[in-house]
Amino acid sequence: MRSRRWLTICASLSLVAGGLSACGKDGGGSDDEGADSGTAGETGGDGDGDGEAWAIDNIYGVTNRDDDDGNGKPDWMDPPFAGDDDLSPLTFSAEMLESMGNTDVARLTLNGDLAGIRIWGASDGAPLMGANSGSPEVSSLDLSLDQMENLSIEFIDYMVSSTLTVERIGEDGESLDSTEVTVAGSPLILNHHLQPSEHFWVVSVNFGGGSNNASMIMDYQDLFGEDFSSVSGNVYGGDVWIQDEVEFGTQIGSAGERQDIIVDSIRDRGLDNFAEDTADTVFAVDTWGPAGTANSCDSFGNLEITPPITVDGVDYPYGRIYYGDGGVGCRVTEELRTFLDAQKVQAPIETDTSWLCVGHADEFSTFIPDPDSEKGFKFLYADTGEAWTLLETMDPDTALPRYLDTHGHGTVGEILTDNELRTRNDGIQANYLDPILAQYKAEFGLTDDDIILIPSLFEQCGGPGYNVALIPGTPNLIVANEDGGTKLIVPDPYVRPDDNDQASDPFIADFVARMPASYGAGDVVFTDDWYVYHANLGEVHCGTNVQRTPDMPKWWEAAAHLVD
Amino acid sequence: MKTLRNKLGTIVGCAALIAATGCEQGDAPTVTRAALTEAATSVEALDITSTTSFAEVNQLRPEFVGEIMSLQPVRGRDRNFRFSQPSFAQAAAMPVIFHRLVDLEEPQVNRVALAGALRTNRGPWQELALDLLGTEADNAVRVGLMRSLASAQPEVLAKAAELGLRDTDARVRDWGAQAAVRLFANYGGEGASETLSLLLVERLKDEDSGVRATSVRALSFTAQAVHMDAMAGLLTDDDPITRLAAVDALVRLDANEAKRHLDAANVAGDPDPRVARAVKRL
C-alpha cells in the first residue's frame, strides 16, 4: 500500500489526540481527505448526561491483499505484522476511554459480512472477531478498558460491509452508551483516462526482418523518462500485448489508505507472470475466472472505463466500465463480469464487438481529456465515412509503402477503388458502428458535442464477419496526463509515401485538427507501431499499460447512491 | 508436391528484381515511391522462362535468404501466427517462402503463416500458390493459401475461387467465397465462368454458416437477379450473421425486389437486433 509512513503516524496519533479526526492528509486518496470518515453513528448518549458523544466515525478500508512482508502470500493470510499497513485502525476517542468505569466493558457486535472482515487485538494470535475468529465467527465480544487500544480492522475482500455496534456496558449489564458505525471495504475501482499517469510499460521486441518496436520504445523514453519501463520481450516470450494481460485499479480508504490492484487476466500468454513480477510489495494481484478458459474477450484491451459521467441524472464519479461481447466463443469470463457488477460504482455495460477479429472495445473508441469542455473529456469514435471523405481529397497515385507491405494496397487509389472494401466498411458503419455509438450515447450520457469522429477503415481478417483496422486505429491510443499536461501517444497512420515525413500525412494533420484546442504542438505524438502491433492486429494502446493515480473522490460519499 | 518443387527449381523473377531495385533487406524499409514503381514494373516485366532458383537467389543474396529462412512467425493479438515482418513482402523473399512452405519438416504453424504471408509478397507467387492449393494435404495450410489467393489478380482469382469453393474444409470454402466477392465486386466478374455463380448458389446451402454468408455476399455483386430467390432462402437462416448478410446482399442486388422478399419472410420482426435494424433502414 502507499503512504505507509503517514498511516503509521496517524494510527499512533489517533489514540492520543482523540480519534481519526486528528489524521491529516495523504497523497493517496482525494485531495482533501482528512480523516473525516463519514457519518458518526451515535445512537445513544454517553450515559453521563453531559451531552458528549460516544461515537466513532464510519470506517472504510482497503483489502489487505498485497504482500508487504514479501513472503509470497497475500497479507490477509498472515497475522498482522510490523509493516503491514493495510489495516484500518479501530480507534476509540479519548472521551470514550475516559467514560469507561472500572467495571465497564465495551461490547462490540459485528453484523454483516463476517467472513470478509475481521478485528484484531493488540496481541498476536487469532483475530478477535469476524473471519477466522472461530466457527462460527465471533460476532460479539466484551473488551475491558486495557483491551481497547491498538485494535485494527482488516478487510479480506472487496465491497464487504458490516455494522459495528459499540456499547458501554455497566456492571449490571445495562447499556450505558451505544454507537453504530459502518465498517466497509472499498470496491475495486478501475482507472480511467482523466487520472494522472504514474508509470508506463511497453514490451521491447525485435522479431527480425525489420520488425521491432525500438522507435516506439524511444518515443516513450523521451517522453516519460524514469516513469517508463521497457519490459524485456525475451523474458515474456515476445508477448507484446501488455494492455491485454493486466488492468490497473485501486482502492481508497477513509484514513487515506491507497491500495493499487493489478487485475491479472486469465489470458495467460507470454506475459502471464508480469503481474506477479511487477507487484513487489506495493500492488495486490487478483484474478477472476478459471485458468485455461480464456478467449480473446478476456484480454483487458476489452476492459475500458469512461471518465466520470452523469447519465439521466445519475452521477458515476469513477466512470462506467465497458467491454465487448465478441459473439460466439468470445465473452468476458462470467466470474469477472459478476465481480465487476458487484462493485456497483462503475456499473459496467457490454457492447457488440462480434464484428471484430480480436473483439476488443479499445479497437474503435476511447476517451481523452478536454479540460476546456464542460464534461472535461471528449470521446473519439471510429467513422468510416470520414475516412473515405479524407482519402478522396488525396492524389490517388499517392504511394502507400506501409500498406503495400501489410495489406496489399499500394496507393490511395487502390483503396478508393476497392469496392469490396468500401461495401464492407459501409456495412460495418451501418450494422455496428452507428448502433454502438447510439448505445454509448445513451449509456454514457454523451451528446454530439462530446464526440469526435475519427477517420477509420477496417478490412477482413478472419471469417466473413470479422474485421480489423486497415488504417491503424488511431483511437487505440494512450492518454498520458503528466505535470506538463496531457499527451496522446497515437499510432502513426502512415497514409503517405515517405515514412519519415509525418508532416506530409493528411491523416495526421486531420487527426490533430480534430483534437480539442487544449492540445498544442507536440501534445499528440504519432509513434511507429506498424510492424510489431498494427500488422499483428493491435495498436499502441494494446501494447502499453499505464498505472494511474487515484485522484478521485471518496467512494463512500460520491458513490453512496450507487453502493446503496 | 513434386510438380511444385520442380517449378520452384525454375522460379523467376527475383534475380531480375534484385538487379532492378536492389531488393531491400532486413531492417525497416526506406522505400520511396520511385523505388516502388520501379519494383512493380520490374515484377511485371519478368520473363518467367528466364529462371532463377532458390539456390541462385541464395547465391546472389545469401544474407537476405538466411534471414528469411531463420525468421519465426509472430503471434498476433488474435492468437494466430503471422510472418508480419516487412522483409516477407519483398519479391526476393518469394522463392524462400515457397522453399520453406513446401518443406514438410517446417512446423505446421510456420507453414500456415508462410502461406498467409504470400498475400502481400510482391513477387509472382499467385500461380504457384494456386498449384499448391490443389495439392496441399494440410487443411490449415490450404486456408492460408486460399486467404492469400483471395487477394490475387483477377486472372488467378476466378480459378482460386472455384477451387476454394470445392474444398473439403469450410474455412477454405469461406475464403474461396471471399475470392469470389473480390472478383465480382472489384473486377466485374472478369474471368468468371457460369460455373462459379452456380457454385456460389450451391454454397448457399453449405453446412457452414460463414460460407453461406460469404457466398450470398458474393452473389450480390454478380448483378444476376436470377439468384435472388435462392439468396432469399437465407433470410430465415438459423445464424443471425447469415441473415444479416442476406438482407444486405438482397438490397445491394435489387432494393425493390429485396423489399418483397423481406416482407415475405417477415424479417422486420427478426429476433436479432442487427437484422431488424438492417431492415428498418430500408
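Summary of the structure given here. Only a predicted model underlies this, so the values are computations on that prediction, with no experimental measurement involved.

Side note on the overall build of chain B
Phase 1: Looking only at helices and strands, chain B has 17 helices and 2 strands in total.
Phase 2: Counting all 282 residues of chain B, 57% fall into the buried class.
Phase 3: Intrachain contacts of chain B at a sequence separation of at least 6 include 67% that bridge at least 24 residues.

Brief notes about the overall build of chain A
Phase 1: A tally of helices and strands in chain A yields 13 helices and 31 strands.
Phase 2: A sequence separation of at least 24 residues applies to 71% of the contacts in chain A between residues at least 6 apart.

Quick notes on the packing of helix α11 (residues 170-187) of chain B against helix α12 (residues 194-203) of chain B
Residues and elements named next belong to chain B.
Phase 1: Interaxial distance between α11 and α12 falls to 11 Å at its minimum, and their mutual angle equals 135°. In this view, α11 runs oblique relative to α12, as classed from their interaxial angle. Helix-helix and strand crossings are classified by hand; for α11 and α12 the assignment is left-handed. The segment α11 lies against α12, with Arg-173, Ala-177, Ala-180, Leu-183 and Phe-184 engaging Leu-196, Ser-197, Leu-200 and Arg-203.
Phase 2: Of the residues contributing to the contact of α11 with α12, the split by class is 6 nonpolar, 1 polar and 2 charged.

Side note on the nonpolar core
Phase 1: One finds Phe-364 and Tyr-440 of chain A to be the most contacted residues of the largest nonpolar core, which totals 114 residues.
Phase 2: Take this core: its biggest share by element is 9 residues, from α11 of chain B.
Phase 3: Per-domain counts for this core show at least three residues from each of domain 1 (4-185) and domain 2 (190-563) of chain A.
Phase 4: When residues no more than four places from it in sequence are discounted, the contact partners of Tyr-440 of chain A are Tyr-322, Ile-349, Thr-351, Phe-364, Ser-365, Phe-379, Tyr-381, Gly-445 and Leu-446 of chain A.
Phase 5: Grouped together as the second largest cluster of nonpolar side chains are 35 residues, Met-216, Ile-262, Phe-283 and Cys-542 of chain A included.

Some details on the sheet that holds strand β29 (residues 485-491) of chain A
Backbone-to-backbone hydrogen bonds join strands into a sheet, with any given pair of strands oriented parallel or antiparallel.
All names here are of chain A.
Phase 1: Read across the sheet, 3 strands follow the order β28-β29-β30 without closing on themselves; strand pairing throughout is mixed. Each edge of the open sheet carries a strand with a single partner, namely β28 (478-482) and β30 (524-527). Across the sheet, the mean angle from the axis of one strand to that of its neighbour is 25°, orientation sign disregarded.
Phase 2: Judged from the 4 bridges that link them, β29 and β30 form a sheet pairing that is parallel. Note that in β30 the partner of Val-490 across the bridge is Phe-526.

A short note on the interface of chain B and chain A
Phase 1: With 45 residues of chain B at the interface, the matching set in chain A holds 51 residues.
Phase 2: For the pairing of chain B and chain A, the buried interface totals around 3800 Å² over both sides, and the portion due to carbon and sulfur atoms is 47%.
Phase 3: Inspection of the chain B/chain A interface yields 5 salt bridges.
Phase 4: For Arg-274 of chain B, the salt bridge goes to Asp-352 of chain A, with nearest N and O atoms at 3.5 Å.
Phase 5: Where chain B meets chain A, there are 25 residue pairs in polar contact (both at pLDDT 80 or more).
Phase 6: Among the elements that take part in the side of chain B that touches chain A, α11 of chain B stands out by supplying 7 residues, more than any other.
Phase 7: Of the residues assigned to the side of chain B that touches chain A, the class counts are 16 nonpolar, 10 polar and 19 charged.

Section: the pairing of β28 of chain A
All names here are of chain A.
Phase 1: The buried count for β28 comes to 4 of 5 residues, which makes it a mostly enclosed element.
Phase 2: Looking at chain direction, β28 and β29 are connected through 5 bridges and run antiparallel. Within β29, the residue paired with Asn-481 across the bridge is Thr-486.
Phase 3: Here β28 hands over to β29 after 2 residues, the two strands then running antiparallel side by side.

What to know about the packing of aromatic side chains
All names here are of chain A.
Phase 1: As enumerated under the stated definition, the model contains 33 aromatic pairs over all chains in all.
Phase 2: Aromatic side chains Phe-200 and Tyr-220 sit 6.1 Å apart centroid to centroid with 45° between the ring planes, which places their arrangement in the tilted category. Remark: Tyr-220 occurs in helix α3 (residues 214-224) and Phe-200 occurs in strand β11 (residues 197-204); sequence separation between them is 20 residues.
Phase 3: We classify Tyr-220 as buried; its relative accessible area is 0%.
Phase 4: Relative to Trp-556, the ring of Trp-555 lies with its centre 5.5 Å away and its plane at 85°, an arrangement referred to as edge-to-face. For the residue pair Trp-555 and Trp-556, the accessibility class agrees, reading buried in each case.
Phase 5: Looking at Arg-320, its charged tip hangs above the ring of Tyr-316, at a distance of 4.8 Å from the centre.
Phase 6: When the ring centre of Tyr-494 is taken as reference, the NZ or CZ atom of Arg-402 above it lies at 3.9 Å.

Details of the sheet that holds strand β24 (residues 377-383) of chain A
All names here are of chain A.
Phase 1: The sheet built from 3 strands is open, its strands ordered β23-β24-β25 with mixed pairing. Single-partner strands in this sheet number two, and they are β23 (365-369) and β25 (451-455). The mean angle between the axes of side-by-side strands here comes to 30°, regardless of whether they run parallel or antiparallel.
Phase 2: Direction of pairing for β23 relative to β24: antiparallel, over a ladder of 5 bridges. Its bridge partner being in β24, Phe-367 is matched across the sheet by Phe-379.
Phase 3: Seen against the sheet, helix α7 (residues 384-392) touches β24 and β25 and runs at an angle of roughly 70° to β24.
Phase 4: Across the face of the sheet, helix α11 (residues 506-514) comes into contact with β24 and β25 while running at roughly 180° to β25.

Looking at unusual backbone geometry
Residue and element names in this part refer to chain A.
Phase 1: Cis geometry marks the peptide bond from Ser-135 to Pro-136, where omega comes out at 0°.
Phase 2: As for its placement among the helices and strands, Pro-136 is situated in the loop between β5 (129-130) and β6 (140-143).
Phase 3: The phi dihedral of Asn-150 falls on the positive side, at around 60°, and the residue is not glycine.
Phase 4: Tracing the sequence through the fold places Asn-150 in the loop between β6 and β7 (151-155).
Phase 5: Of note, Asp-268 is a non-glycine position whose phi angle comes to about 50°, a positive value.
Phase 6: By the element assignment, Asp-268 lies in the loop between β16 (258-264) and α5 (274-279).

What to know about the pattern of salt bridges
When their charged atoms lie close together, side chains carrying opposite charge are able to pair.
Phase 1: One pass over the full model with this rule turns up 45 salt bridges over all chains.
Phase 2: Across the pair Asp-239 of chain A and Arg-267 of chain A runs a salt bridge whose closest N-O atoms are separated by 2.8 Å. Placement of the pair is Asp-239 of chain A in the loop between β14 (228-232) and α4 (242-245) and Arg-267 of chain A in the loop between β16 and α5, with a sequence separation of 28 residues.
Phase 3: Take Asp-239 of chain A: its relative accessible area is 4%, and that puts it in the buried class.
Phase 4: Since its relative accessible area comes to 4%, Arg-267 of chain A is described here as buried.
Phase 5: Across the salt bridge formed by Glu-392 of chain A and Arg-422 of chain A, the nearest N and O atoms sit 3.2 Å from each other. Here Arg-422 of chain A lies in helix α10 (residues 419-444) and Glu-392 of chain A lies in helix α7, a separation of 30 residues in the sequence.
Phase 6: Looking at Glu-392 of chain A, the relative accessible area reads 46%, which means it is partly exposed.
Phase 7: Within the structure, one salt-bridge network assembled from shared partners comprises Arg-173, Glu-202, Arg-203, Asp-206 and Glu-207 of chain B.

Regarding the state of the cysteines
Where two cysteines share a covalent bond between their sulfur atoms, that bond is called a disulfide.
All names here are of chain A.
Phase 1: A complete count under the given rule lists 2 disulfides over all chains for this structure.
Phase 2: Between the sulfur atoms of Cys-297 and its disulfide mate Cys-330 the distance is 2.2 Å. Measuring the twist about the S-S bond at about 100°, one finds the Cys-297-Cys-330 disulfide to be right-handed. Of this pair, Cys-297 sits in the loop between β17 (284-286) and β18 (304-305) while Cys-330 sits in the loop between β21 (321-325) and α6 (334-343), placing them 33 residues apart in sequence.
Phase 3: The disulfide bridge from Cys-357 ends at Cys-461, spanning 1.6 Å between sulfur atoms.

Cut-offs used in this document
- Residues numbered from 1 in each chain as written.
- Chains lettered and ligands numbered in written order.
- Predicted model: local features only at pLDDT ≥ 70, side-chain atom pairs only at ≥ 80, totals over all residues.
- Heavy atoms only, no water.
- Helix = DSSP H or I, 4+ residues; strand = E, 2+ residues; numbered from the N terminus.
- Buried < 20%, exposed > 50% of the residue type's maximum accessible area, 1.4 Å probe, protein only.
- Contact = heavy atoms within 4.5 Å.
- Axes fitted to C-alpha atoms, helices over the stretch in contact; angles between N-to-C directions.
- Parallel < 35°, antiparallel > 145°, perpendicular 65-115°, else oblique.
- Left-handed = near helix turned anticlockwise from the far one by under 90°.
- Nonpolar A, V, L, I, M, F, W, Y, C, P; charged D, E, K, R; others polar.
- Core = buried A, V, L, I, M, F, W, Y, C linked by side-chain atoms within 4.5 Å.
- Domains from an automatic or database assignment.
- Pairing = 2+ DSSP bridges.
- Buried area = accessible area lost by both parts, 1.4 Å probe.
- Salt bridge = Lys/Arg side-chain N within 4 Å of Asp/Glu carboxyl O.
- Polar contact = N/O pair within 3.5 Å; in protein donor to acceptor, adjacent residues only side chain to side chain.
- Phe/Tyr/Trp six-rings, centres within 6.5 Å; stacked < 30°, edge-to-face > 60°.
- Lys NZ or Arg CZ within 6 Å of the ring centre and 35° of its normal.
- Disulfide = S-S within 2.5 Å.

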